[in-house]
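Each chain, written out:
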Amino acid sequence: MKVLLTGASGFVGSHVLESLCARSIATRILLRPKSDRGFLTNSLSSVEVANGSITEPESLRNAMGGVTHVIHCAGCTKSVAIKGFYEVNQTGTRNVVEAVNTGGTGVRRLVHVSSQAAGGPASADHPAREDDLPQPISEYGKSKLAGEMEVRQGCRTDFAIVRPPAVYGPRDRGFYSLFQAVQHHLRPQPSAPKALSLVYVEDLAEAITRCLDLPAATRQTYYACASEVVTGLQMADVVARQMKRWTIPMPLPAAVLWPACAFQDLLARLTRKARLLNLAKYPELRAHGWVCSGAKLERDFGWSCKTGLEAGVSKTLRWYRENHWL
Ligand SMILES: NC(=O)c1ccc[n+]([C@@H]2O[C@H](COP(=O)([O-])OP(=O)(O)OC[C@H]3O[C@@H](n4cnc5c(N)ncnc54)[C@H](OP(=O)(O)O)[C@@H]3O)[C@@H](O)[C@H]2O)c1
């Protein structure tokens, strides 16, 4: 087996790469000239590097040589302009699929990393399942669903699609702002979503790598999440307790959230630098719940998320401290 991994320089991709290296799977990673190599220090010496971008089809075709499996983890999670989501998550995925299709008979399976955002919100009473009609509510989610459709309709080889919910763990910049707030004695109290599924990044990386060759994964879609359902309030409480910080509750009602998103959106446009909070993200923050069921993955693979919230927050906090993020 030889794997081509896209998105290796990112949060999730760098953990997928470490999971591949731990299994001694020969791996080539696709990097752009300006890709940050900071998360790759442990693994760069043991992999091949192909220079290119998923928005440059020629570079993708070159990167496919001799590869038997592809993990497509590159994606756009924040963008100054809406078209940025579609250029990477839809067109970029189409380019990956075309390179897989034209790469001779070499590639045996494509594992595509999508998102729960492609399926849309769901409550704890009715967690999202793979057979539900997708109802994405944000441009990010719509672009991820469009990427899934490129795979389902265009891929002539075997494929599997993994939909993670919110991912946390070492190197994450999303939940990092919560840890920073607690460091500054603030405990954010979002009014929505009411319930969340999460997945610890190392568990997700294991699920993604296991999708490479398990026969049951053929042309299947899987939610990969912990069985624990949490609220934003609970998450903030766990972080505050583990950081041993006294905190002042900081209510975040919708009336505050929208102006905050609008302000960050304006800053992004002025500085041309995408930010985590933005108006395209606002519908996701207002959703009633983001809960999904990992039952299908457990049934087909015997996979379940090993790391609960307490242990996951503890490992994440240790990493932030050891790496001077906090
Ligand atoms: N983080 C989450 O909570 C979460 C939840 C659900 C699903 N996901 C999905 O997981 C995947 C990874 O997300 P992440 O959180 O790890 O994001 P991230 O840290 O922002 O990493 C994104 C990765 O994609 C690469 N990339 C972007 N545009 C590219 C292009 N045109 N050509 C080649 N590479 C490109 C980036 O490379 P550069 O270093 O060159 O920019 C980077 O390696 C995405 O598909 C995302 O939709 C993430």
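Residues numbered from 1 in each chain as written. Predicted model: local features only at pLDDT ≥ 70, side-chain atom pairs only at ≥ 80, totals over all residues.

> In this structure, what is going on with the overall build of the protein? I would like to understand it.
When helices and strands are tallied, the protein shows 12 helices and 13 strands. The C-alpha atoms of the protein give 19 Å as radius of gyration, which agrees with the globular expectation for 326 residues (20 Å, within 12%). The principal-axis extents of the C-alpha atoms in the protein amount to approximately 60 × 40 × 35 Å. Taken over 326 residues, the protein has a buried fraction of 44%. Put simply, of all contacts in the protein between residues at least 6 apart along the chain, 80% involve residues at least 24 apart. (Helix = DSSP H or I, 4+ residues; strand = E, 2+ residues; numbered from the N terminus. Rg over C-alpha atoms; globule rule 2.2 N^0.38 Å. Buried ≥ 20, exposed ≤ 12 C-beta atoms within 10 Å, placed from the backbone. Contact = placed C-beta atoms within 7 Å.)

> Can you walk me through the packing of helix α8 (residues 232–243) against helix α12 (residues 309–322) in this structure?
A pair of packed helices is captured by two measures, namely the crossing angle of their axes and the spacing between those axes. Contact geometry for α8 and α12: axes closest at 10 Å, N-to-C directions at 55 degrees. In this view, α8 runs oblique relative to α12, as classed from their interaxial angle. Handedness of the crossing formed by α8 with α12: right-handed. Residues V238, V239, Q242 and M243 of α8 form the contact with α12, whose participating residues are L309, E310, V313, S314 and L317. In the contact of α8 with α12, the residues fall into six nonpolar, two polar and one charged. (Axes fitted to C-alpha atoms, helices over the stretch in contact; angles between N-to-C directions. Parallel < 35°, antiparallel > 145°, perpendicular 65-115°, else oblique. Left-handed = near helix turned anticlockwise from the far one by under 90°. Nonpolar A, V, L, I, M, F, W, Y, C, P; charged D, E, K, R; others polar.)

> So what exactly am I meant to see when it comes to the site of the ligand here?
In the neighbourhood of the ligand, 28 residues make up the surrounding shell, with G10, S35, A74, G75 and S115 lying closest. Of all the secondary-structure elements, those providing two or more residues to the shell around the ligand are α1 (11–22), α3 (82–102) and β7 (166–168). When residues in the shell around the ligand are grouped by element, the largest group, three residues, is from α1. Residues belonging to the shell around the ligand are distributed by class as follows: 12 nonpolar, 13 polar and three charged. (Near = placed C-beta within 6 Å.)

> What exactly am I supposed to notice about the packing of α1 against helix α7 (residues 201–210) here?
In contact at an axis separation of 8 Å, α1 and α7 are set at 60 degrees when each is read in the N-to-C sense. For the element pair α1 / α7, the angle class is oblique. Handedness of the crossing formed by α1 with α7: right-handed. Contact residues: α1 offers F11, V12, H15, V16, E18, S19 and L20, while α7 offers V201, E202, L204, A205, E206, I208 and T209. In terms of residue class, the contact of α1 with α7 is built from eight nonpolar, three polar and three charged.

> Help me out: how do you make sense of the pairing of strand β9 (residues 195–200) in this one?
Counting buried positions over the six residues of β9 gives six, a clear majority of the element. On β9, burial covers both faces: A195, S197 and V199 on one face and L196, L198 and Y200 on the other are all buried. Relative to strand β13 (residues 289–290), β9 runs parallel, the two being bridged by two bridges. Directly across from L196, in β13, lies its bridge partner W290. Relative to strand β11 (residues 229–230), β9 runs antiparallel, the two being bridged by two bridges. Across the sheet, residue L196 finds its bridge partner in β11, namely V230. (Pairing = 2+ DSSP bridges.)

> Sorry, what's going on with the sheet that holds strand β3 (residues 48–51) here?
Strand pairing in a sheet takes place through backbone hydrogen bonds and is either antiparallel or parallel in direction. As summarised here, the arrangement of the seven strands in space is β3-β2-β1-β4-β5-β6-β10, forming an open sheet in which the pairing is parallel. With partners counted over all chains shown, the strands left at the sheet margins are β3 and β10 (220–223), one partner each. Averaged over all pairs of adjacent strands, the angle between their axes in this sheet comes to 20 degrees, without regard to strand direction.

> I tried to follow unusual backbone geometry on my own but got confused; where do I start?
Excluding glycine, a negative phi dihedral is what most residues carry, and trans is how most peptide bonds are arranged. Notably, R171 is not glycine yet its phi reads approximately 80 degrees, a positive angle. Position of R171 among the secondary structure elements: in the loop between β7 and α6 (176–183). You can call R171 partly exposed: it has 18 C-beta atoms within 10 Å. In this model, R272 sits at a positive phi of 60 degrees, which is unusual for a non-glycine residue. Checked against the element boundaries, R272 lands in the loop between α9 (254–271) and α10 (282–286). According to the C-beta neighbour criterion, R272 is exposed, with 8 such atoms within 10 Å.

> Mind showing me how you'd approach α8 here?
Residues spaced three or four apart along an α-helix point in a common direction, a consequence of the helix completing one turn every 3.6 residues. For α8, which comprises 12 residues, the first-to-last C-alpha distance of 16 Å matches the rise-based estimate of 16 Å (1.5 Å per residue) to within 8%. Those residues of α8 that fall on the buried side of the exposure criterion are M235, A236, V239 and A240. Axial view of α8: buried residues confined to an arc of 130 degrees, hence all on one face. Just downstream of α8 lies K244, where phi reads positive at about 55 degrees. (Expected span 1.5 Å × (residues − 1). Arc of directions from axis to C-beta.)

> Would you mind going over the nonpolar core with me for this structure?
The nonpolar side chains of a soluble globular protein tend to be buried, and buried together. Ranked by size, the top nonpolar core spans 82 residues in total, and within it L5, V162 and I208 carry the most contacts. Among the elements that line this core, the one with the most residues is α3, at six residues. Those residues within four positions of I208 in sequence are excluded, and the remaining contacts are V16, I71, V111, V113 and V162. (Core = buried A, V, L, I, M, F, W, Y, C linked by C-beta atoms within 7 Å.)

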